[in-house]
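An overview of the molecular structure
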Amino acid sequence: MIEVRIRGAHGSGIDADEARKVHEAYRAALDRFQHLIREVELWFTDVNGPRGGVDKSCRAQLRLHPRGVLTAKSCRSSVLHAGRDACDKVKALLLRRMS
């Protein structure tokens, strides 16, 4: 099973329920590739702070066996959407690398 580490900067707006949902999304999307993935790490930030807007950012990084790193970033209106969008992007990068 893939271990997903979630990090949120102060004020990033990620709560425990959203973190759980993002964690589940990454596991569901990437578990079949666990033999290729050493680690998954996610960083969430609130780009605009209290001003609002489409400003929740997620940077997803996969560290691969035996070496290599894939990184994708997404900015959306919510933490959950940014996390899932970054997941789709990093999965596409992984599939492209395998082909």
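Residues numbered from 1 in each chain as written. Predicted model: local features only at pLDDT ≥ 70, side-chain atom pairs only at ≥ 80, totals over all residues. Heavy atoms only, no water.

Some remarks on the pattern of salt bridges
When their charged atoms lie close together, side chains carrying opposite charge are able to pair. The final tally for this structure, using the stated rule, is 11 salt bridges. Note that D17 and K21 form a salt bridge whose closest N and O atoms lie 3.3 Å from each other. Here K21 and D17 lie together in helix 1 (residues 16–30), a separation of four residues that amounts to about one turn. We classify D17 as partly exposed; its relative accessible area is 35%. (Salt bridge = Lys/Arg side-chain N within 4 Å of Asp/Glu carboxyl O. Helix = DSSP H or I, 4+ residues; strand = E, 2+ residues; numbered from the N terminus. Buried < 20%, exposed > 50% of the residue type's maximum accessible area, 1.4 Å probe, protein only.)

Focus: helix 1
In this model, helix 1 (15 residues) spans 21 Å end to end at C-alpha, consistent with the 21 Å of a helix rising 1.5 Å per residue. Turning to helix 1, its buried residues number three or more, namely E18, A19, V22, H23, Y26, A29 and L30. Projected onto a plane normal to the axis of helix 1, the buried residues spread over an arc of 135° and lie on a single side. Exposed and oriented more than 90 degrees from the buried face of helix 1 are A16 and A28. Residue D15 occupies the N-cap position of helix 1, its side-chain oxygen lying 3.1 Å from the main-chain nitrogen of D17. (Expected span 1.5 Å × (residues − 1). Arc of directions from axis to C-beta. Polar contact = N/O pair within 3.5 Å; in protein donor to acceptor, adjacent residues only side chain to side chain.)

A few points about the side chain of K56
Checked against the element boundaries, K56 lands in strand 3 (residues 56–64). What makes K56 buried here is its relative accessible area of 16%. A distance of 2.9 Å separates a polar atom in the side chain of K56 from a polar atom in the side chain of D46.

Observations concerning helix 2 (residues 79–98)
With 20 residues, helix 2 should reach 28 Å at 1.5 Å per residue; the first-to-last C-alpha distance of 29 Å fits that figure. All buried positions along helix 2 are accounted for by V79, L80, A82, G83, A86, C87, V90 and L94. Viewed along the axis of helix 2, the buried residues span an arc of 155°, placing them on a single side of the element. When the buried face of helix 2 is taken as reference, the exposed residues oriented beyond 90 degrees from it are D88 and R96. The inward-facing, buried residues of helix 2 contact helix 1, strand 2 (37–46), strand 3 and strand 4 (69–76). (Contact = heavy atoms within 4.5 Å.)

Structural notes on the environment of R96
Residue placement: R96 occurs in helix 2. Judged by relative accessible area, which is 57%, R96 ranks as exposed. Each C-alpha atom, one on R96 and one on M1, is 22 Å from the other, the two residues being 95 residues apart in sequence.

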